[in-house]
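Close look at the chain arrangement
Each chain, written out:
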Amino acid sequence: MEKIQITLNINDKLCEVMVYHNDTLLEVLRDELDLTGSKESCGEGVCGSCTIHMDGKPVRSCLTLAMEAVGTKIRTVEGLANGDELSDLQQSFIDHGAVQCGFCTSGMLMSADALLKNNPKPDEKTVRKALGGNICRCTGYAKIVEAVAHACNPQDDCPDCKTDSKVRE
Amino acid sequence: MSKKNSEFSVVGKRIPKLDAAQKAMGRAEYIQDIKVPGMLYGRILYSKYASAKIIKIDISKAVALPGVHTVLPGEDVPEKMKMGFYKDNPPIKKDKVCSFRDEVAAVAAINPEIAKKALDLIEIEYEEQIGIFDPEKAMEKDAPLVHEHTKSNVLKLPWNIHYGDVDKGEKESAFVVEDRFTTTGVTHCCMGTSGALALFDATENLTVYTNTQIPSLAQKDFLETLKVLGLKNKRVRVIKPIIGGGFGSKLDTYAYEHVAILLAYKCRKPVKIVFDRVEEFKATSTRQPTVTYIKQGCDKNGKLTFRDIRMVLDNGAYTSWGATTPTVMMMPISSLYRVKNVRYDAKCVYTNNTYSQAMRGYGNPQATFAIESNIDMLAEEAGIDPIEFRRINQNVPNETTPQDFKITTCGLAECINEVEKELKSGTAKEKGVGVGMASLIHVGGGARIYKSDGCGAILKMDDYGKVDIFTGGTDMGQGMDNITAQIVAEELGLSAEDINVVHTDTDICPWDVGAHASRSTFVAGNAALGAAKKVKQKIQEFASKFFDVPAKEIQFKDKLVFVPGDQEKSMPIDKLLRKAHFSQNGTMLMADYFYDPDNESFRKDFKCNLSATYTFGVHGVKVKVDEETGKVEVLDYIAAHDVGQAINPLLLEGQVYGGVLMGLGYALTEEVVQKNGENMNANFRDYKLFTAKDAVNIKAPVFETADEAGPFGAKGIGEPGCVPTAPAVANAVYDAVGVRIKDLPITPEKVLAALKEKNG
Amino acid sequence: MRLPRFEYLEPSDLEGVLNLLATQGDDTKILAGGTDLLVRMKKGLLKPKTLISLKALNELSYINEEDGCIKIGARTPIADIIASDLIQKEAFALFEACEKIGAISIQHYRGTIGGNILQDNRCIHYNQSEFHRSGRQPCHKDGGKICYARDEADRCNSTCQSDGATALMALGASITLAKKGTERVVEIANFYTTDGIMPFAMESSELLTEIVISIQGGKSSYKRLAYRSAIDYPIVCAGVFLSASDTKKDEIEDARIVVGAMGRSPLFLVQESFSLKGKNLNDTEVFKKVADSSMNSASTFAVHNVGSTLEYRCVMVSEMVLQALKGAAQAVVAAKG
Ligand SMILES: Cc1cc2nc3c(=O)[nH]c(=O)nc-3n(C[C@H](O)[C@H](O)[C@H](O)COP(=O)(O)OP(=O)(O)OC[C@H]3O[C@@H](n4cnc5c(N)ncnc54)[C@H](O)[C@@H]3O)c2cc1C
Ligand code: SF4
Ligand code: FES
Ligand code: FES
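Residues numbered from 1 in each chain as written. Chains lettered and ligands numbered in written order. Predicted model: local features only at pLDDT ≥ 70, side-chain atom pairs only at ≥ 80, totals over all residues. Heavy atoms only, no water.

1. Some words on the overall build of chain A
Here is the rule we go by: In this text, helices come from DSSP runs of H or I with a minimum length of four residues, and strands from runs of E with a minimum of two, each type numbered from the N-terminal end. Based on C-alpha atoms, the radius of gyration is set beside the globule rule, defined as 2.2 Å times the residue count to the power 0.38. Partly exposed describes any residue whose relative accessible area lies between the buried limit of under 20% and the exposed limit of over 50%, with all areas from a 1.4 Å probe on protein chains only and scaled to the type maximum. Throughout, a residue-residue contact means that at least one pair of heavy atoms, one from each residue, lies within 4.5 Å. All accessible areas in this document rest on Shrake-Rupley with a 1.4 Å probe, and a residue is counted as covered only by the protein chains that are shown.
If you tally the helices and strands in chain A, you get six helices and five strands. Ordered by position from the N terminus, the helices and strands of chain A form the series β-β-α-β-β-β-α-α-α-α-α. Taken against the 2.2 N^0.38 rule, which gives 15 Å for 169 residues, the C-alpha radius of gyration of chain A at 16 Å falls within 12% of a compact globule. Dimensions along the principal axes, computed over C-alpha positions, put chain A at roughly 60 × 30 × 25 Å. Evaluated residue by residue, chain A yields a buried proportion of 68% over its 169 residues. For chain A, restricting intrachain contacts to residue pairs at least 6 apart in sequence, the fraction spanning at least 24 positions comes to 52%. As presented, chain A carries roughly 5900 Å² of accessible surface, and 46% of it is formed by carbon and sulfur atoms.

Following this line, the structure appears as C-alpha cells:
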C-alpha cells in the first residue's frame, strides 16, 4: 500500500503530510511532523501519555488513526502555550512541582486542560477522576492534582500558587 | 552552628524544577525523541524458553530482507563481552538461554517495522531444558543448575554478619517471635522506556546517548566493550538525554546498550534501540524477590535483645548489582532501633527468572518489611503498645551501632511523636479501620558500595554574573539540577535561575559514581558547594584588593558583592567579574572540586561507617479493610522524615509523595506475575500501578536536624519514601481486622482468605 | 507499537457502510472508537485487510426516548451516555457501568457503546504480545487446538469483561443488527454463542446500529470489582434489575440478575432471578441466599484467565450480586416513596 497525502489541522495550522493508512496519529505527529511532545509509553491505550485533543476532547493518539483525524481540530501539548507564554495550567504545573521526569506531563496537561475548559474550578475528586486515565510513576499524583485544581482557582493558603496568578483570575 | 531557614535566600525555597518549563511545553528531548542523520533502528530478539540449548540459528532470511543492514547472532559477539556485577552475562547468548529475557540475536534496519519483520525471519532451533523458578527449591542439592559451570545455584557471595551473641540474646529474652515473610518482584515502570543510541565517528570514537543513572561507570563499561572489539585507545562519550524515570533501573549497563554499540560498529551507522512497553516489562529487571526468616526477642520491658535473620534472594539468571543489595539490607537489620545482638545471612540464588536489579531502596524495603512487621508482632506478644515499643528501642543521636555506623544526627524520636499524634487523632475506632506504623533508616550521606563514592564539579562564571556548573551528578526527574543550582546560588548570592547545571555529557562533566543510594543531594551537592566556595574565595580575594578590606569581610547577596555596613563598598557581581576579566593580567573565575564523602568501605566483617550520615523516618497509615471483599483502602498517610535540611521543600515533598505511592503499590497491588519464568502481565493493564483516582493525599512533615556533614545540613531523601510503606500497611491491616499478611502484595484475595481462616 | 497494514475506508452514510460490508469478506472490520480493536491489532491478534470507519456516521450517535423505550445509537460515545439524564433516570445500571469503563478522561470520548458490547473476550493467555504467543502452541482462539486456561477444554473459555453488556443484559435490552436490505432485533441475552473464539451470534456483514431498552418502571444497579478505580477491567461484576408490584409496594414483581466477567458472555441467571418474584424488597436474608446461589451458578462457567484467583472471583460473585440487589431494591423503595 502506498502513502497518501492528507491535510491535518494541528494547533491551528494546516499541515500536509504523507501517511500510510495504518499510521496512528501519534506516529504521524512524532515521526512526520516532529511534534515529539506527545509521548508513547504503552502504545495500547492504558497510560495516557499520548493524550491530545481532537475537537476539544481528550483522546489517545496511539489508538487513533491519522486518517481519522482528517477534518478535525487537533491540539497537542505544543499548542497549549501562546507562543512562549505558558498557559495558566502549564504555569501551575511548574509552580506546584507537578513535573518530575516529565514523561507523563504532556498527557496529563491535555487531560487536565480538557477538564478545565468545562470546569475551571474543579474540586479534588473531580480532578482525580479526570486524570484517572493518565499514569504517573514519579509524583504520586498529589502535586499534579493540586496544580490542576489551582490552575484557574489559585488558593491563598497554597504556598505554590503564585501571587501574580492569584490576581490573574 | 548551622543557619536557620530564614537566613537562607535560595536554600530552603520552593523553587520549581529548572527544566519544568521545557517539559511542560513538550520540548524536552528524551531518547525516544532523538534522531540523527542516517540512523538505523535496532531490535533485539529474545528467547522463547526459560531454559534451553540453542542448537541452530539461521539468519539468512533476515539478512536478505530489504532494508536490513545487519543481523547479529550470538556467535558474532566477542566471547569476552560480559555484563553485570559478576560479568556472567553476554549481551547476546550463543549456546544456551537461561531466561525468557535472554537476548539471542539483534538486527539493525532502516525502520522499526522492517527491524521487527527481520526478527520474525530469524529461525532458531532450541532444545528445551528443565528450568528452576523457586529460589528455595533452587538451593536444594539435586536442583537443576542454571549455569552448569557453577557447582550450586547459590552465588558465592559473603553476605553474613554476626555481631554480639544472638544465641545468648535469645536465652535472655522474655519474649521471642519468629516468622517467615516474602516479597515478590516488582518493577520500576519508568514511563519513559529504556533506550540507547550508539554512533562511531570517522576515527572510531564512540558516542552513546543513553538513559543511565551511572554515566561514568557506563563509560567504563563501554570502553571495555570497545577493547574486546579490538578498538584500543579510543574515546567513549556518554550523553544522557532527559530521563523518563530511573528509580534504580539504570544502575548498570544493559544488553540494549551494548547491542546498540555492536550494531553501530558493524554497520558503521548510528543505531538506536528503544524498548516498547512489553519489552520494558520483559527485558528489564525486578526488585529482588525475597524469602525472609526472622526471629526477634525483647526483655520484659520491651528492650530488643536480638535479631536473627536468614534470607533467600531470587537473583534470576544473571548477576547484576542487585546481588549486592544484602549489603544495604544489613543497614536496617543491624541498625534500625538499638539491638546489640544481630545475625544476618543472605543467599542470592540463581533461577531461570529474569535477573533482578536495584530498585529504589536497594534492598531496604524487603528487609524493613520483615523487621517492622515482626516488631509489631513482638510488641503484641510483650503486651506493649507498638508505638511505645518503638520508642523504647529508638535510635538516638551520637551513637555507634553494632555495625559501626556512626549515627550523628537522628530525628527518629521526633518522627515517632509526629506520627503518633496523627494516628491517635481522630475519632474512636470504627469497624474495619486500623492504623499502623513503621520506621526506617537509610543512608543519607552516600554509601561506599563502589571504590569511590565521589562526585566532581567544575564551575565557571561568565561576564554577566551567570554560572555554568558541570557536575557528575545525574538528574532523572528527582531534582539534582535544582539542588545543585540552589546550593551554588546560595553560596554566591545569586538566584537559582543564574545557574546553568550541565549534567548530561561525560565529555564535559567530571566523574561521579552514579545516582543511587539517595546520594545526589548530599554528594553532588557537596561537590557543587566545594566548587562554589573556591570561586567565592577567588572573588573575595579580587574584591579585597578592589575595596581594600580583608577578604573575609566581603559578602555576597542579591547579586551584589559588598562589605556590610559600608554603602560605598558594594558592586554588582557581574560588574566585578568584568573588572576581573578585562584588566591587565585578567582572570576568569573557574574552579573545580571533587567531593568524596568521609564514609568507609566494608571491612571483612562488614563493619564500617557506610554513610557520612543517616536519614531516619517514620510512616503511619490508616486503612479501611472491606471485610466482604478483602480490599484495603488507604485513608490517610503520614510520612515523617528527618532530612537534615530541606534544600527545596517543593521537590522534597515530590520525592516523598512519589516514593510513598510506589511503596503503596509494593504493599497492595504490584507484582510481576511469572509463570515458569515467563512474565504474564507485561502491560499497564495487568500490572497494577495506582492511578490518580486510587491515590491518597499524603502528609510529609520534615524535621531538620541540620547535619554538619551535609551541604547546608541536608541528607538524602530519594528512596526513604518507599522503604517502610509495606510494613506500615501490613501493621494497619492487622490492627483493622486482626489478620497478618506476611506475603506481599497484600491483595484482597489474601486478606479475604486470612479472614476466613481466622473466623473459622 | 505499529499497526499491521490495512486499507482504511470511510463511508459517508449508513448505506455506504452496509454496502461495503455486503461486498467485503471476513477480512473486514468495523472501526468505531478503536479502543478495543486497535489494541488487538497492535498485538497481532487479528489482521483485517480493511477497516470501515464509522467516523462519518453521526446518524448513529444519539440517545432518545421513544415509544416507552430508550434508543441508543451504536456509535454513541460512552461519555454521552454518562452525561445523559435519561439514562441516569431510567437505566441507572448502564450509567454506573459506563462510568467505570477504562477512564473517563480518554476512553469515554472515543469508546462507543456498540464497541463496548462487541469488544472481544479476553484471556490472560491470549491477550499477549505476538512474540509471547509465538513461543508456544496456539490455543483455540489463536487457531490452535489447546487451551492454557483450562486443561482438556474442547473450546475457548475466554471471558467477556464488557461492563456495558452486563448492565444492558440486566436491563433486558435488545440490539438491532442491520445488513444490506434487512434488519433484525435480538435480545442481548440471546446474542451469544457458546464459544469464546467468536462469542457473538452475528455475521460479519452485519452492523450493530441501535440498542433499545424498554422502560419498565423498575430500578437497576450495577456493581463491579477491580483492583483499581480506573483503567481496570472488572474481575467480577453484576447487574440487577428489580421492579415492584403495583398493588403490593414491597413485593418484587420482576427481577433480572446478570453476572459478568465470569464466562464467555454475561450470565443471565434465570433461576435466581425467577426465585425473587413475590419476595419482599427489604428482605436481605433472601438476597443473601440468592447471591450465594448466583455464585454457585456462575462459578461453573468461569476459568482462571483474567487475573486474580478463580476461587476469589467465585466468592465475589455473591458479594457483587448482593450489593447490586441491595442497590436496586433501595432505588425501588425510594422511588415508591
Ligand atoms: C485502557 C483500556 C481500558 C478499558 N477498560 C474497559 C472496561 O473497564 N470495561 C469495558 O467494558 N471495556 C473496557 N475497555 C474496552 C473498550 O475501550 C471499550 O469497551 C469501548 O467501549 C469499546 O468501544 P470502541 O468504540 O472503542 O470499540 P472498537 O474498538 O471500535 O470496536 C470493538 C469491536 O466491535 C466492533 N464494532 C464496533 N462497533 C460496531 C458496530 N456498530 N457494528 C459492528 N461491529 C462493531 C469492532 O469491529 C471491534 O471488533 C478498555 C479499553 C482500554 C484501552
Ligand atoms: S480460554 Fe483457552 S482457548 Fe480461550 S483464549 Fe484462553 S487459553 Fe486460549
Ligand atoms: S501511549 Fe497511548 S495510552 Fe499509553
Ligand atoms: S513525572 Fe515522571 S511519570 Fe509523571
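Picking up after the structure, the text goes on.
2. Looking at the packing of helix α18 (residues 748-759) of chain B against helix α12 (residues 310-336) of chain C
Our working rule: For helices, the axis comes from a line fit to the C-alpha atoms of the stretch in contact; other axes are also lines fit to C-alpha atoms, and the angle between any two N-to-C directions lies between 0 and 180 degrees. Each angle receives one of four descriptions, namely roughly parallel if under 35 degrees, roughly antiparallel if over 145, roughly perpendicular if within 65 to 115, and oblique otherwise. Throughout this entry, Asp, Glu, Lys and Arg are counted as charged residues, while Ala, Val, Leu, Ile, Met, Phe, Trp, Tyr, Cys and Pro are counted as nonpolar. The remaining residues, Gly among them, count as polar.
The N-to-C vectors of α18(B) and α12(C) enclose an angle of 75°; their axes lie 10 Å apart at closest approach. In terms of their interaxial angle, α18(B) and α12(C) are classed as roughly perpendicular. Across the interface between the two elements, B:Pro748, B:Glu749, B:Leu752 and B:Lys756 from α18(B) touch C:Tyr312, C:Val315 and C:Met316 from α12(C). Grouping the amino acids of the contact of α18(B) with α12(C) by side-chain chemistry returns five nonpolar, no polar and two charged.

3. Topic: the interface of chain A and chain B
Here is the rule: Note: buried area is the sum, over both parts, of the accessible area (probe 1.4 Å) each one loses when the two are combined. Any Lys or Arg side-chain nitrogen found within 4 Å of a carboxyl oxygen on Asp or Glu counts as a salt bridge.
In this assembly, 46 residues from chain A lie in contact with 52 residues from chain B. In this assembly, chain A packs against chain B so that about 4000 Å² is buried in total across both faces, 57% of it on carbon and sulfur atoms. Applying the counting criterion to the chain A and chain B interface returns eight salt bridges. Across the pair A:Lys39 and B:Asp33 runs a salt bridge whose closest N-O atoms are separated by 2.6 Å. Those elements giving two or more residues to the side of chain A that touches chain B turn out to be α1 (25-32), α2 (88-95), α3 (105-118), α4 (124-130) and α5 (142-151) of chain A. Looking at the side of chain A that touches chain B, its residues break down into 17 nonpolar, 15 polar and 14 charged.

4. A short note on α1(A)
Burial runs high along α1(A): six of the eight residues are buried. Within the span of α1(A), buried status applies to A:Leu25, A:Leu26, A:Glu27, A:Val28, A:Leu29 and A:Arg30.

5. Describing the site of ligand 2
Heads up, the condition is: The nearness test applies per residue and asks whether one of its heavy atoms lies within 4 Å of the molecule or strand.
The environment of ligand 2 is formed by 13 residues, the closest being C:Cys123, C:Cys139, C:Cys147, C:Tyr148 and C:Cys156. Across the shell around ligand 2, the residue classes tally to seven nonpolar, five polar and one charged.

6. Let's talk about the interface of chain C and chain B
Using the following cut-off: Polar contacts, as used here, are pairs of N or O atoms within 3.5 Å; protein pairs need one atom able to donate a hydrogen and one able to accept it. Residues neighboring in sequence count only if both atoms are side-chain atoms.
Taken together, the contacts link 31 residues of chain C with 31 residues of chain B. Buried surface at the junction of chain C and chain B, summed over both partners, amounts to about 2800 Å²; 53% is from carbon and sulfur atoms. Taken together, the connections running from chain C to chain B amount to four salt bridges. Ionic pairing is found between C:Arg2 and B:Glu113, a salt bridge with its closest N-O pair at 3.4 Å. Remark: the boundary between chain C and chain B carries 18 residue pairs in polar contact (both at pLDDT 80 or more). For the side of chain C that touches chain B, the secondary structure elements donating two or more residues are α8 (130-134) and α12 of chain C. At five residues, α12(C) tops the list of elements feeding residues into the side of chain C that touches chain B. Classifying every residue of the side of chain C that touches chain B by side-chain character gives 14 nonpolar, nine polar and eight charged.

7. A short note on empty space enclosed by the protein
The condition that has to hold: Definitions used throughout: a 1 Å grid over protein atoms alone; a cavity as a set of points that fits a 1.4 Å probe which cannot get out; a pocket as an open set with protein on both sides within 12 Å along at least five of seven lines; a lining residue as one with an atom within 4 Å of a point. Grid points are joined across faces, edges and corners, and a volume is the space filled by probe spheres set on the points.
Here the structure, examined in full by the defined rule, presents 13 cavities of 30 Å³ or more. Considering only enclosed or pocket space, the largest cavity measures out at about 500 Å³ in volume. Around the largest cavity, the lining comprises 40 residues; the ones closest to its centre are B:Gln478, B:Gln655, B:Ile717, B:Gly718 and B:Glu719. Elements supplying a minimum of two residues to the lining of the largest cavity: α13 (480-492), α14 (520-547) and α16 (649-668) of chain B. Counting residues per element, the lining of the largest cavity draws most heavily on α16(B), at three residues. For the lining of the largest cavity, the class distribution of residues is 18 nonpolar, 18 polar and four charged. Size it by volume and the second largest cavity reaches roughly 100 Å³. Around the second largest cavity, the lining comprises 14 residues; the ones closest to its centre are C:Cys123, C:Cys139, C:Cys147, C:Tyr148 and C:Cys156. Looking at the lining of the second largest cavity residue by residue, the classes come out as eight nonpolar, five polar and one charged.

8. Observations concerning the nonpolar core
So the rule is basically this: The set of buried Ala, Val, Leu, Ile, Met, Phe, Trp, Tyr and Cys residues whose side-chain atoms join them within 4.5 Å is what this entry labels a nonpolar core.
Counting residues in each nonpolar core, the largest one holds 213 residues, and the members touching the most others are A:Phe93, A:Val148, B:Phe684 and B:Ile746. A total of 10 residues in this core trace back to one element, the largest contributor, which is α16(B). Here A:Val148 is in contact with A:Leu89, A:Phe93, A:Ala112, A:Leu115, A:Leu116, A:Val127 and A:Leu131, once residues within four sequence places are set aside. Core analysis: the next-biggest nonpolar cluster, separate from the first, contains 41 residues, B:Ala489, B:Ala496, B:Ala543 and B:Leu589 among them.

9. Quick notes on the site of ligand 1
Around ligand 1, 35 residues are found, and the nearest of them are C:Ile30, C:Thr35, C:Leu37, C:Thr112 and C:Asp163. Ligand 1 is flanked by residues contributed from chains A and C. Contact between ligand 1 and C:Thr112: an oxygen atom at 2.6 Å from a side-chain N or O atom of the residue. At a separation of 3.5 Å, an oxygen atom of ligand 1 approaches a polar backbone atom of C:Leu118. Taken by itself ligand 1 offers 970 Å² of open surface, and the protein chains cover 98% of this. Broken down by secondary-structure element, the contributors of at least two residues to the shell around ligand 1 are β2 (28-31), α2 (37-42), α7 (113-118) and β8 (207-214) of chain C. With three residues, the top contributor of residues to the shell around ligand 1 is α7(C). Residues belonging to the shell around ligand 1 are distributed by class as follows: 14 nonpolar, 13 polar and eight charged.

10. Re the domain arrangement of chain B
Residues and elements named next belong to chain B. Inclusion rule: The split of the chain into domains comes from an automatic or database domain assignment.
Splitting chain B by domain gives domain 1 (3-27 + 454-595), domain 2 (34-129 + 194-274) and domain 3 (290-448 + 602-759). For domain 1 versus domain 3, the separation of C-alpha centres amounts to 36 Å. Contact with domain 1, which involves 29 residues of that partner, is made by 29 residues of domain 3. For the pair domain 1 and domain 3, the summed buried surface comes to about 2000 Å²; carbon and sulfur atoms form 62% of the total. The three residues of domain 1 that bury the most area against domain 3 are Arg14, Ser518 and Phe522, which together make up 33% of that side's buried surface. Taken together, domain 1 and domain 3 are joined by one salt bridge. If you look at where domain 1 meets domain 3, you find six residue pairs in polar contact (both at pLDDT 80 or more). Put simply, the parts of the chain that give the side of domain 1 that touches domain 3 at least two residues each are α13 and α14.

11. Looking at the confidence of the model for chain B
This is how the line gets drawn: The predictor's confidence in any single residue is recorded as pLDDT, a number from 0 to 100.
When the pLDDT values of chain B are averaged, the result is 95; 99% of them are 70 or greater. For this predicted complex, the interface confidence reaches an ipTM of 0.96, while the overall pTM sits at 0.96.

12. Overview of the pairing of strand β1 (residues 40-46) of chain B
Residues and elements named next belong to chain B. Spelled out, the test is: The pairing criterion is simple: DSSP has to find at least two bridges between the two strands.
With respect to burial, β1 is a largely interior element, five of its seven residues being buried. In terms of strand pairing, β1 meets strand β12 (residues 271-274) through two bridges, oriented parallel. Across the sheet, residue Leu40 finds its bridge partner in β12, namely Val271.

13. With respect to the domain arrangement of chain A
Residues and elements named next belong to chain A. Domain assignment breaks chain A into domain 1 (4-79) and domain 2 (88-162). The centre of domain 1, based on its C-alpha atoms, is set 23 Å off from the matching centre of domain 2. Counting residues at the interface gives 18 residues for domain 1, matched by 12 residues for domain 2. When domain 1 packs against domain 2, the two sides together hide about 1100 Å² of surface, and 63% of this comes from carbon and sulfur. Our enumeration of links across domain 1 and domain 2 arrives at zero salt bridges. For the pair domain 1 and domain 2, the number of links is five residue pairs in polar contact (both at pLDDT 80 or more). When contributions to the side of domain 1 that touches domain 2 are tallied by element, the ones reaching two or more residues are β3 (51-54) and β4 (57-60). The biggest single contributor to the side of domain 1 that touches domain 2 is β3, with three residues. Across the side of domain 1 that touches domain 2, the residue classes break down as five nonpolar, nine polar and four charged.

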